[in-house]
Amino acid sequence: IDMIVDSVLNNMIFGAVLAIVVLLLFLKDIKPTLVIACSIPVSVIFAVVLMYFSGVTLNMISLSGLALGIGMLVDNSIVVIENIYRMRGEGLSARKAAVEGAKQVSGAITASTLTTVCVFAPIVFTEGITRQLFVDMGLTIAYSLLASLIALTFVPMMGSKMLKRTKEIRHPWFHAFQEVYGALLEKLLRVKLLVLLVMAGLLVLSMQLCLARGMIFMPEMESTQIMVTVSLPD
């Protein structure tokens, strides 16, 4: 148990660190990156508190759900801090940018978070072995997503204090990608029917390939454990 739980915890930590590194590469500013880095543990602790009061223990399934939730909860914080940073660049004060930046994206963030929660929440109402296996994961992911809404309060609060000074961020390679994407999108909008047909074809193909793989109750798993069956004499 200790080995498996440690493995999941290490994956969570590495995932959070890599998310922060990617943010630093794109934002090119340590201050907004620190805001996101601080929002991750606060949100995780909030999710763990909800787990405690609903009777969900720390096990392989619930920790896996928490690891998935970390990747999702970073998204909301990124959207908020990026919008605040953009408004600071437009000349608004740090306090005003924090309020207006969070307000502009609050509806979109809340709606996207709740739609994802609606995907995992129904697992709670299943019965039998499915409930035993996955209810902890479903609840943990739902708690992590609800905890990500802390981005609407915690991130603007820190942003109003830490983003006193901002700088213009330039990404030559990303702007070049945007130019190419914009030109491609403009051409595709002229042949909308063709694009829809291609997408429908890919959907049917993916469904066929998925079903061709066959079905199995539980997949073969590799982990840091060993199982031995010994038959002793009668």
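My aim in this report is to walk through the structure given alongside it, one point at a time. The structure presented is a predicted model; accordingly, all values stated were derived computationally and were not measured. (Residues numbered from 1 in each chain as written. Predicted model: local features only at pLDDT ≥ 70, side-chain atom pairs only at ≥ 80, totals over all residues. Heavy atoms only, no water.)

1. Things to note about the overall build of the chain
Now for step 1: Looking only at helices and strands, the chain features 8 helices and 0 strands.
Now for step 2: Ordered by position from the N terminus, the helices and strands of the chain form the series α-α-α-α-α-α-α-α.
Now for step 3: Rg of the C-alpha trace for the chain: 22 Å, well past the compact-globule value of 17 Å for 234 residues, more than 25% over.
Now for step 4: Principal axes of the C-alpha set define a box for the chain whose edges measure 85 × 50 × 30 Å.
Now for step 5: Looking at the chain as a whole, 29% of its 234 residues qualify as buried.
Now for step 6: Once local pairs closer than 6 in sequence are excluded, the contacts in the chain between residues at least 24 apart make up 78%.
Now for step 7: Carbon together with sulfur atoms contributes 70% to the accessible area of the chain, which is approximately 15900 Å² in total. (Helix = DSSP H or I, 4+ residues; strand = E, 2+ residues; numbered from the N terminus. Rg over C-alpha atoms; globule rule 2.2 N^0.38 Å. Buried < 20%, exposed > 50% of the residue type's maximum accessible area, 1.4 Å probe, protein only. Contact = heavy atoms within 4.5 Å. Areas by Shrake-Rupley, 256 points an atom, 1.4 Å probe, with all protein chains shown as cover.)

2. What about helix α5 (residues 128-148)?
Now for step 1: In a regular helix each residue adds 1.5 Å, so 21 residues correspond to 30 Å; α5 covers 30 Å between its end C-alpha atoms and thus fits that length.
Now for step 2: Along α5, the largest kink reaches about 50° and is centred on F134. (Expected span 1.5 Å × (residues − 1). Bend = angle between axes of the 7 residues up to and from the residue.)

3. Brief notes about the pattern of salt bridges
Now for step 1: Tallying each qualifying case throughout the model produces 4 salt bridges.
Now for step 2: Across the salt bridge formed by R86 and E90, the nearest N and O atoms sit 2.8 Å from each other.
Now for step 3: Relative accessible area serves as the criterion here: at 52%, E90 is assigned to the exposed category.
Now for step 4: With its nearest N and O atoms 3.7 Å apart, the salt bridge here joins K103 to E100. A residue pair is termed a helical-turn pair when its members lie 3 or 4 positions apart in one helix, as K103 and E100 do in helix α4 (residues 94-120) at 3 residues.
Now for step 5: What emerges from the salt-bridge pattern is a single network uniting K96, E100 and K103. (Salt bridge = Lys/Arg side-chain N within 4 Å of Asp/Glu carboxyl O.)

4. Topic: a nonpolar patch on the surface
Now for step 1: The grouping of L184, L188, V191, L194, V198, M199, L202, L205 and L209 at the surface amounts to a nonpolar patch, some 790 Å² of accessible area in total.
Now for step 2: The dominant element in the nonpolar patch, judged by the number of residues it contributes, is helix α8 (residues 192-212), at 6 residues.
Now for step 3: Along the chain, L202 turns up in helix α8. (Patch = residues over 30% accessible without salt bridge, like charges linked within 9 Å, V, L, I, M, F, W, Y side chains within 5 Å.)

5. Regarding the packing of aromatic side chains
Now for step 1: Under the defined criterion, the tally for this structure stands at 4 aromatic pairs.
Now for step 2: An aromatic cluster is built from W173, F174, F177 and Y181, whose rings are joined through pairwise contacts. (Phe/Tyr/Trp six-rings, centres within 6.5 Å; stacked < 30°, edge-to-face > 60°.)

6. Observations regarding the side chain of T33
Now for step 1: Within the secondary structure, T33 sits in helix α2 (residues 30-53).
Now for step 2: The class for T33 is buried, based on a relative accessible area of 2%.

7. What about the environment of S7?
Now for step 1: Tracing the sequence through the fold places S7 in helix α1 (residues 2-27).
Now for step 2: Its relative accessible area of 33% is what places S7 among the partly exposed residues.
Now for step 3: For the pair S7 and I84, spaced 77 residues apart in sequence, the C-alpha separation works out to 36 Å.

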